[in-house]
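One letter stands for each residue in the lines below.
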Amino acid sequence: MKLFREDPSSKSQAVERLRLVLIHDRAKVSIGLLELLRNEIINAISKYVEIDEKQMEIELNSTEEKAELVANIPVLKVRRAIDH
Amino acid sequence: MAARVIVVTSGKGGVGKTTTVANLGTGLALRQKKVVMIDTDIGLRNLDLLMGMENRICFDLINVVENECRSYRQALIKDKRVENLYLLPASQIKNKDALKAEQMIKLVEQLKEEFDYILIDSPAGIESGFENAVAPATEAIVVTNPEVPAVRDADRIIGLLQAKKIYEPMLVLNRLRSDMVKKRDMLDVDDINDILAIKLLGVVPEDEQIIVATNKGEPVVFNQQSKAGEAFRNIVRRLEGEAVPFMSFNTEPGVFGRFWKMLHGK
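Residues numbered from 1 in each chain as written. Chains lettered and ligands numbered in written order. Predicted model: local features only at pLDDT ≥ 70, side-chain atom pairs only at ≥ 80, totals over all residues.

A.B. asks: Would you mind going over the sheet that holds strand E5 (residues 117-121) of chain B with me for this structure?
C.D. replies: By way of backbone hydrogen bonds, the strands of a sheet pair with one another, either parallel or antiparallel. Residues and elements named next belong to chain B. Pairing in this open sheet of 8 strands is mixed, and the strands run E3-E4-E2-E5-E1-E6-E7-E8 from one edge to the other. The open sheet has two free edges, formed respectively by strand E3 (77-78) and strand E8 (199-205), since each of these has just one partner strand. Note that strand E1 (residues 4-9) and strand E6 (residues 139-144) share 4 bridges and pair parallel. Its bridge partner lying in E6, Val8 is registered against Ile141. On top of the sheet, helix H11 (residues 227-239) reaches strand E7 (170-176) and E8; it is set at about 165° to E8, its chief contact. (Pairing = 2+ DSSP bridges. Helix = DSSP H or I, 4+ residues; strand = E, 2+ residues; numbered from the N terminus. Contact = placed C-beta atoms within 7 Å. Axes fitted to C-alpha atoms, helices over the stretch in contact; angles between N-to-C directions.)

Now the structure itself:
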């Protein structure tokens, strides 16, 4: 189905290639971006579940078509939910 | 008025940094501003050629910072066409490390006393030459072309400028070809705005007259017939704070445009 939706122009290829390459350039250039993200994720998640911070993995992966943030977060305990 | 110190940079070479400096410097001087252009591309100077000043160089930037001439005034080359326009040429020596950032800062501090605009032409790359050019600047113009490598490098440069506390660099998109944009074979202004997301200072169309201007050593901004000249004049006005509408690059309307015109009888 994808074939019909794709814009074949070289300009749209340029836009798409730039979009992907800049995700990586920017993540690499700002040293610590992934580290900051990791810490904020830990803070957010820790309110609800207890996680194994040492085993946690977070990576920026990409293929020709997309870039994705992959997080592997081992859960040790789930906290008791408190409804307000 | 306090002097404005603007570095013109790009990362990638050959996108039109030096052409931009020559035209903005000339354009600002044509508006009675007192302008000095500093070529910091040590070993590969070219701004003198674009200005037609290559035969009048006695002293250069390195001579000035090393105190090998009486004062910077001795090295400045005065333009013969426009009042208040000066060039401080780069050295043609091979040693690129001859210049230091502190020397540039000290020199520019002196120049600020005398000039309204100090335009610094940066070398390509992100090494010491770039650092020296940016060190004294408080504003930056990033020049790019509507091509993937040039835009990628511009993005990198914007990041580096922001790390040096120049948070709002301005963009000049150079060498746009409206015929290719129409065929969707070239990134357009919206694409570039979307990707780089910085303030657009101007769009300069590809124009043969740029080559003619370089042949003559006479910046295209003097040429009233040239589209690129007009674009540079507009950029100068925007730099001076005027709200100038962007040039339209659509010379003929597409299918919908023609239909629209038929309906409205225009």
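That covers the picture; the talk isn't over yet.
A.B. asks: For this particular structure, what's the right way to read the interface of chain B and chain A?
C.D. replies: How big an interface is tends to be expressed through the accessible area that disappears when the partners come together. Each partner contributes residues to the interface: chain B has 12 residues there, and chain A has 12 residues. Elements that contribute at least two residues to the side of chain B that touches chain A include exactly helix H7 (148-163) and helix H9 (189-196) of chain B. Broken down by element, the residue count for the side of chain B that touches chain A peaks at 6 residues, all from H7 of chain B. Grouping the constituent residues of the side of chain B that touches chain A by class yields 5 nonpolar, 1 polar and 6 charged. (Nonpolar A, V, L, I, M, F, W, Y, C, P; charged D, E, K, R; others polar.)

A.B. asks: Looking at this model, I keep getting lost on helix H3 (residues 33-46) of chain A. Mind explaining?
C.D. replies: It helps to recall that an α-helix has 3.6 residues per turn; residues three or four apart then point in one direction. Between its first and last C-alpha atoms H3 of chain A spans 20 Å; for 14 residues at 1.5 Å apiece the expected length is 20 Å, and the two agree. Counting buried positions over the 14 residues of H3 of chain A gives 0, only a small fraction of the element. (Expected span 1.5 Å × (residues − 1). Buried ≥ 20, exposed ≤ 12 C-beta atoms within 10 Å, placed from the backbone.)

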